[in-house]
Amino acid sequence: MSTTRRLLSTVQVARFVAHGFLRLDGIVPQELNEEAFGVFAAGLPSVPYGTPVPKAFPEGSFARRLVELPEVAGAVESLVGMDPTVDHHYVHTREPQEGSAQPLHADALIDLRTDAFDVQLMYYPQAVTTDMGGTLIVPGSHLRRTNESDTGRYQNLRGQTRLTCRAGTVVLLHHGIWHGGRRNESDLVRHMYKIRFNPTVPQVRLWDTEDLHHPEVRTELGRTFPWYEPAVGRLEIHNRIKLWRFLSDDPEFDIEYAATRVSNRPAQRRSA
């Protein structure tokens, strides 16, 4: 198996910025998937907040081998850099025929950062079918400023997705994405292992920038989603532009003049 990390492309990072998540389907080898169940049953050691990855996950440990898979390592580096710290990790388990679902929520207090974000890795060691519930995600919700479970009042939003996937799938999420674990109506236990990474470097052009000016980059960043309101939904595009200006180190990037017109300060330019 190759150990060379595989950085994301600019188009993939733009898709992450627009959607708030990125799927890596079936990338974990089956032997690691099978090992996961025993590891989860035995329990994972606690990790103090802000622990560097090598210290949090010792060499040879299950978690270390998971995050060092070339696709995983490359994607994490592309989004948070080479030396992130581990905020926390946790195994979420849903029992068979469980009678409740998790409310829609984001995993942090209200977060006003426009020039940084944490990444949450969600790993599914087994195939997740529709009756197993899966993780509900609202695409494009990550830059809508809310406070943790304030979104729990919403039951369904247009365009929401309920994750079904192959065994060994990894999903990387912006920390602000609205999501929730759905009710498991199957006869199988469902597991999801989550690791939250905090960046320790500026998140500027960390990916493979060979396609930095590819037309699909602008297409991805200009996407809208069914739940966006006609007027307020445009703020999501504006917030996305601000984030992309930072990530790409391109302060002039814009979509349909949206950010330029509201940052225009002619008097300040004359004064300078």
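Parameters and conventions
Residues numbered from 1 in each chain as written. Predicted model: local features only at pLDDT ≥ 70, side-chain atom pairs only at ≥ 80, totals over all residues. Heavy atoms only, no water. Buried < 20%, exposed > 50% of the residue type's maximum accessible area, 1.4 Å probe, protein only. Helix = DSSP H or I, 4+ residues; strand = E, 2+ residues; numbered from the N terminus. Contact = heavy atoms within 4.5 Å. Core = buried A, V, L, I, M, F, W, Y, C linked by side-chain atoms within 4.5 Å. 1 Å grid on protein atoms, 1.4 Å probe; cavity = no way out; pocket = protein on both sides within 12 Å on 5 of 7 lines; lining within 4 Å. Points joined across faces, edges and corners; volume = space filled by probe spheres on them. Nonpolar A, V, L, I, M, F, W, Y, C, P; charged D, E, K, R; others polar. Polar contact = N/O pair within 3.5 Å; in protein donor to acceptor, adjacent residues only side chain to side chain. Expected span 1.5 Å × (residues − 1). Bend = angle between axes of the 7 residues up to and from the residue.

Draft legend 1. Inspection of helix α1 (residues 10–19) at higher detail. In terms of residue burial, α1 counts as a mostly covered element, since eight of its 10 residues are buried. Those residues of α1 that sit buried are Thr10, Val11, Val13, Ala14, Phe16, Val17, Ala18 and His19. Those residues of α1 that are buried are in contact with β1 (21–24), α5 (70–80), β4 (119–124), β7 (169–174), α6 (215–221) and α7 (234–248). With its phi angle positive at about 90°, Gly20 sits one or two positions after the end of α1.

Draft legend 2. Spatial organisation of the nonpolar core. In this structure, Tyr123, Tyr193 and Trp244 are the most contacted members of the largest nonpolar core, which totals 53 residues. Excluding residues within four positions of it along the chain, Trp244 makes contact with Thr10, Val13, Ala14, Val17, Trp207, Val217, Leu221, Asp249 and Phe253. Counting residues in each nonpolar core, the second largest holds 12 residues, with Val128, Leu163, Leu173 and Met192 among its members.

Draft legend 3. Focus on the layout of surface pockets. Counted as a void, the largest pocket has a volume near 390 Å³. Taken together, 16 residues line the largest pocket, and the ones lying closest to its centre are Val53, Val67, Ala73, Met82 and Pro84. Only α3 (53–56), α4 (62–67) and α5 provide two or more residues apiece to the lining of the largest pocket. It is α5 that contributes the most residues to the lining of the largest pocket, three residues altogether. Residue composition of the lining of the largest pocket, by class: nine nonpolar, two polar and five charged. Forming the boundary of the second largest pocket are 14 residues, of which Arg234, Ile237, His238, Glu256 and Ala258 lie nearest the centre. Listed by contribution, the elements that provide at least two residues to the lining of the second largest pocket are α7 and α8 (258–263).

Draft legend 4. Spatial organisation of the environment of Ile255. You can see Ile255 is positioned in the loop between α7 and α8. The sequence separation of Ile255 and Asp131 amounts to 124 residues, and the corresponding C-alpha distance is 40 Å. Sequence-distant contacts of Ile255, defined by excluding residues within four places in its chain, comprise Arg218, Leu221, Gly222, Ile237 and Ile241.

Draft legend 5. Molecular detail of the side chain of Asn198. Among the structural elements, Asn198 can be located in strand β9 (residues 190–198). Under the relative-accessibility criterion, Asn198 is labelled buried at 13%. A polar contact is formed between the side chain of Asn198 and the side chain of Asp87, at a distance of 3.4 Å. Side-chain polar atoms of Asn198 contact the side chain of Asp118, separated by 3.1 Å. If we skip the residues at most four places from it in the chain, Asn198 touches Pro84, Thr85, Val86, Asp87 and Asp118.

Draft legend 6. Seen up close, helix α2 (residues 30–42). Taking 1.5 Å as the rise per residue, α2 with 13 residues should run 18 Å; its terminal C-alpha atoms sit 19 Å apart, in good agreement. Along α2, the largest kink reaches about 25° and is centred on Ala36. Residues of α2 that are buried: Leu32, Asn33, Ala36, Val39 and Phe40. As for α2, its buried residues are in contact with α4, β3 (85–94), β4 and β9. Backbone geometry just after α2 places Gly43 at a positive phi near 95°.

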